[in-house]
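# Descriptive analysis of the structure
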Amino acid sequence: MSNATSTASTPNPYIPIYRMDGVGAELVVYADKVEIVTAGITGFVLKGLKGTKTIPYQSITAIQFKESGTWSGAGYLQFTIPGGNESRNGLFDATVDENTFMFHGQNEYAHKIKNYIESQIRLLRNPPPQQTSSTPSFSAELERLDALRQQGVLSDEEFQQAKARLLR
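Here is a short report on the structure shown in this document. Because the structure is a prediction, the values reported are computed rather than measured. (Residues numbered from 1 in each chain as written. Predicted model: local features only at pLDDT ≥ 70, side-chain atom pairs only at ≥ 80, totals over all residues. Heavy atoms only, no water.)

Counting its secondary structure elements, the protein chain contains five helices and eight strands. For the protein chain, the α and β elements follow one another from N to C terminus as β-β-β-β-α-β-β-β-α-β-α-α-α. Within the span of the protein chain, comprising 168 residues, buried residues form 35% of the whole. Within the protein chain, contacts between residues separated by at least 24 positions form 45% of all contacts whose residues are at least 6 apart in sequence. Surface accessibility of the protein chain: about 10500 Å² in total, with carbon and sulfur atoms responsible for 54%. (Helix = DSSP H or I, 4+ residues; strand = E, 2+ residues; numbered from the N terminus. Buried < 20%, exposed > 50% of the residue type's maximum accessible area, 1.4 Å probe, protein only. Contact = heavy atoms within 4.5 Å. Areas by Shrake-Rupley, 256 points an atom, 1.4 Å probe, with all protein chains shown as cover.)

Set out below in structure tokens:
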């Protein structure tokens, strides 16, 4: 049975963005991490007693996606992490890999989840540029005041008062 839900507009890091039931596990996607939660007898047989695997996005170096097919059976999302021991021999090795989430059907939803995680990883590695302050620097403001004094808009006394306010 498939249970795929999404709350993609939820900014709260403690509330899942996506949930997807898979083969012996549930994939729970948060704003900053992914969890592979072992479930049921199938999960025990495939993954043993390892329990929930939490992978922060900053630890993910790659995501491999294999579609579930009519003839090929289960698909999977495999998360590569530094020092990880992910399988390299396809579906059969992926079944026991703790960093792999397996599913039947739901290819579009799994692809959507993969795209979301990759976009979060890109944001972590390439944050948007910081907004610069619109407050002028001390020297820029002093130059502006001096220009006003030279134009005759400010008297010498007004210039000195404005300069004193800047120094405070």
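It is worth spelling out the pairing of strand S5 (residues 53–56) at this point. Residues of S5 alternate between two faces, with Lys53 and Ile55 buried on one and Thr54 and Pro56 left unburied on the opposite face. Bridge count between strand S4 (residues 33–38) and S5: four bridges; the pairing is antiparallel. Opposite Ile36, over in S5, you have Lys53 as the bridge partner. (Pairing = 2+ DSSP bridges.)

Turning our eyes to something else, we now look at the pattern of salt bridges. Tallied over the entire structure, the rule returns six salt bridges. With its nearest N and O atoms 3.2 Å apart, the salt bridge here joins Glu98 to Lys53. Separated by 45 residues along the polypeptide, Glu98 in the loop between helix H2 (91–94) and strand S8 (100–103) and Lys53 in strand S5 bring together distant segments of the chain. Here Glu141 makes a salt bridge to Arg144, at a shortest N to O gap of 2.6 Å. With a gap of three residues between them, Glu141 and Arg144 both fall in helix H4 (residues 138–150), about one helical turn apart. (Salt bridge = Lys/Arg side-chain N within 4 Å of Asp/Glu carboxyl O.)

It is worth spelling out the nonpolar core at this point. If you look at the biggest cluster of nonpolar residues, it comprises 24 residues, and the most contacted ones within it are Leu27, Phe79 and Ile117. Listing elements by their share of this core, those giving two or more residues are strand S2 (18–21), strand S3 (25–29), S4, strand S6 (62–66), strand S7 (75–80), S8 and helix H3 (107–125). Of the residues forming this core, the biggest block, six residues, is contributed by H3. Not counting chain neighbours up to four residues away, the residues in contact with Phe79 comprise Leu27, Val34, Ile36, Ile55, Ile60, Ala62, Ile63, Asn99 and Ile117. (Core = buried A, V, L, I, M, F, W, Y, C linked by side-chain atoms within 4.5 Å.)

Next up on the list: the packing of aromatic side chains. Under the counting rule described, the total for this entry stands at four aromatic pairs. A centroid spacing of 6.3 Å and a plane angle of 25° characterise the contact between Phe101 and Phe103, whose relative ring orientation is stacked. Each member of the pair Phe101 and Phe103 is classed as buried. Through successive ring pairs, a cluster of aromatic residues spans Tyr18, Tyr109 and Tyr116. For the cation-ring pair, Arg149 lies above Phe159, with the distance from its terminal atom to the ring centre recorded as 4.3 Å. (Phe/Tyr/Trp six-rings, centres within 6.5 Å; stacked < 30°, edge-to-face > 60°. Lys NZ or Arg CZ within 6 Å of the ring centre and 35° of its normal.)

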